[in-house]
Amino acid sequence: MKKHWYKKWRKCKMNFNKLSFGSTIGIIGGGQLGKMMAQSAQKMGYKVIVLDPSSDCPCRYVAHEFIEANYDDERALHLLGESSDVITYEFENISAEQLKTLTEKYNIPQGYQAIQLLQDRLTEKQTLEQAGTQIVPYTSIKHKDDLSKATNTLGYPFIVKTRFGGYDGKGQILVKSEEDIKEAEKLVSNQECVAEQFLNIKKEVSLTVTIGNHQQITYFPLQENEHRNQILFKTIVPARCNQIENAKREVEKIIKTVHFIGTFTVEFFIDCNDQLYVNEIAPRPHNSGHYSIEACDYSQFDTHILAVTGQTLPDKIETLKPAVMMNLLGKDLDLLEDEFAAHPEWHVHIYGKSERKPNRKMGHMTILTNRIDDTEKDMLKRFEGRDQ
Ligand code: ADP
Ligand code: MG
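Calculation notes
Residues numbered from 1 in each chain as written. Chains lettered and ligands numbered in written order. Predicted model: local features only at pLDDT ≥ 70, side-chain atom pairs only at ≥ 80, totals over all residues. Heavy atoms only, no water. Axes fitted to C-alpha atoms, helices over the stretch in contact; angles between N-to-C directions. Helix = DSSP H or I, 4+ residues; strand = E, 2+ residues; numbered from the N terminus. Left-handed = near helix turned anticlockwise from the far one by under 90°. Contact = heavy atoms within 4.5 Å. Nonpolar A, V, L, I, M, F, W, Y, C, P; charged D, E, K, R; others polar. Phe/Tyr/Trp six-rings, centres within 6.5 Å; stacked < 30°, edge-to-face > 60°. Buried < 20%, exposed > 50% of the residue type's maximum accessible area, 1.4 Å probe, protein only. Lys NZ or Arg CZ within 6 Å of the ring centre and 35° of its normal. Donors = N, O, S within 2.8 Å, 3.2 Å for Na, K, Ca; no water. Disulfide = S-S within 2.5 Å. Pairing = 2+ DSSP bridges. Near = heavy atom within 4 Å. Polar contact = N/O pair within 3.5 Å; in protein donor to acceptor, adjacent residues only side chain to side chain. Areas by Shrake-Rupley, 256 points an atom, 1.4 Å probe, with all protein chains shown as cover.

Asks: Would you mind going over the packing of helix 3 (residues 74-83) against helix 4 (residues 96-105) in detail, with residue names and values included?
Replies: Direction vectors running N to C along helix 3 and helix 4 enclose 30°, while the axes themselves pass 11 Å from each other. Here the hand of the crossing between helix 3 and helix 4 comes out right-handed. Here Glu-74, Leu-77, His-78 and Glu-82 of helix 3 come into contact with helix 4, specifically with Gln-98, Leu-102 and Lys-105. Classifying every residue of the contact of helix 3 with helix 4 by side-chain character gives 2 nonpolar, 2 polar and 3 charged.

Asks: So, the packing of aromatic side chains: which residues are in play, and what are the values?
Replies: Summed over all chains, the structure comprises 6 aromatic pairs. Here the aromatic rings of Tyr-156 and Phe-158 are separated by 5.9 Å at their centres, their planes lie at 10°, and the arrangement is stacked. The exposure class of Tyr-156 is partly exposed, given its relative accessible area of 36%. Judged by centre distance (3.8 Å) and plane angle (5°), the rings of Phe-260 and Phe-264 are stacked. The exposure class assigned to Phe-264 is buried, which follows from its relative accessible area of 0%. The ring of Tyr-138 carries Lys-125 above its face, with NZ or CZ at 5.6 Å from the centroid.

Asks: Hey, could you go over the coordination of the magnesium ion (ligand 2) for me, with residue numbers and the actual values?
Replies: Coordination sphere of the magnesium ion (ligand 2), protein contribution only: Glu-267 (OE), Glu-267 (OE) and Glu-280 (OE), at 1.9 to 2.6 Å. Separated by 13 residues along the polypeptide, Glu-267 in strand 13 (residues 262-271) and Glu-280 in strand 14 (residues 276-282) bring together distant segments of the chain. By the burial criterion, Glu-267 is buried, and Glu-280 matches it.

Asks: Let's hear about the state of the cysteines: which residues, and what values?
Replies: For the structure on display, the rule yields 0 disulfides. No disulfide involves Cys-296; its nearest neighbouring cysteine sulfur is the one of Cys-241, lying 16 Å away.

Asks: Tell me about the sheet that holds strand 8 (residues 193-197), residues and numbers included.
Replies: Ordered by their spatial adjacency, 4 strands build an open sheet running 5-8-6-7, and the pairing between neighbours is antiparallel. Bordering the open sheet on either side are strand 5 (138-141) and strand 7 (172-175), each of which pairs with just one other strand. The mean inter-strand angle of the sheet, taken between neighbouring strand axes irrespective of direction, is 20°. In this sheet, strand 8 lies alongside strand 5 in antiparallel orientation, the contact comprising 4 bridges.

Asks: Now, about the site of ligand 1: what can you tell me, with residues and values included?
Replies: Taken together, 20 residues lie near ligand 1, and Lys-161, Gly-169, Glu-204, Asn-279 and Glu-280 sit nearest. In this structure, an oxygen atom belonging to ligand 1 sits 2.6 Å away from a side-chain N or O atom of Lys-161. One of the backbone nitrogen or oxygen atoms of Leu-199 is found 2.9 Å away from a nitrogen atom of ligand 1. For ligand 1, whose accessible area on its own is 540 Å², the fraction buried by protein is 92%. Listing elements by their share of the shell around ligand 1, those giving two or more residues are strand 6 (158-162), strand 8, strand 9 (201-211), strand 13 and strand 14. Among the residues making up the shell around ligand 1, the classes are represented as 6 nonpolar, 7 polar and 7 charged.

In structure tokens:
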């Protein structure tokens, strides 16, 4: 990767104006993350305008104003800019080029560089290498012929991921043996990919961080995650391992390389030798940070709003109680919905998506508990009947 990219980042705004309460925040993207951001913003007296292509997106009904438009609709983005005192975003798949143009005209303290580097799995990996973090061995896959290169350098099993647009395991193929190569070739014939060694994972963890005005840094506790079918299934806090200092060291390396303002999350793998690998970075609030709404004195959305509006961040996030967060996919709602009424301790969040699909994230629930292992067992039992 070219070194001069980094020079540009130094010009990014490190210090910016504090917005008075009552100012307007524009959010690109009106899914559940946009909705929870808006709820934090409104608690602090900000107005919210959201831009989303879907007329019944979850954020619409909690925002003051709604712009129904595609994320790359130039006119709509400028309308959002003209109407807002600051712009933020809830997801990374917006055009970095367009964000760059908007940055020249409007107040976007997050800038465009994090999006530009992290929305592409290849430049994300190159950035992580440049930062000096430990990542899983990988190789770039431009043509289907490169798959044999992956077989030779990585060995089976390896996982092929599209460079752009993947989430919740979408755009990924696990190649266990030669038999799976045909499937991988199909994926590669449509778009460029990366292939990475499939790691024997002992545990997955993530660390949510917020960076505010004057480079103030606030860490959330280390989060322990379990994925099923590559979709986050549950998060437990605090993580049951002693990797927090190692994880913070990796994050420190990353923030010396990438310009962040606001909340972001670094996902990690831990292998059987307790080696920590950075998996990926989400430059926005993250599903594994949702527990913070009830379990911490500030949620990841609160600190995000404080950061982008230039307010002072809390130095430290207090975990009020250990927590288990369970995602509620469509199939989980089918299974558990009737039980909600009897369990006020579950802290159920329903995002308000109109169409329920078996693997769509429809909500989540957080249980505060001093008996994490027992609560985890209870939840596993209740979620039985869904596939592993
Ligand atoms: P997404 O952008 O969809 O979250 P990830 O790369 O984080 O994509 O993959 C989703 C999940 O798939 C991970 O959290 C992990 O459980 C599993 N996974 C991804 N890459 C690997 C790998 N190299 N080795 C083992 N498991 C992996
Ligand atoms: Mg991930």
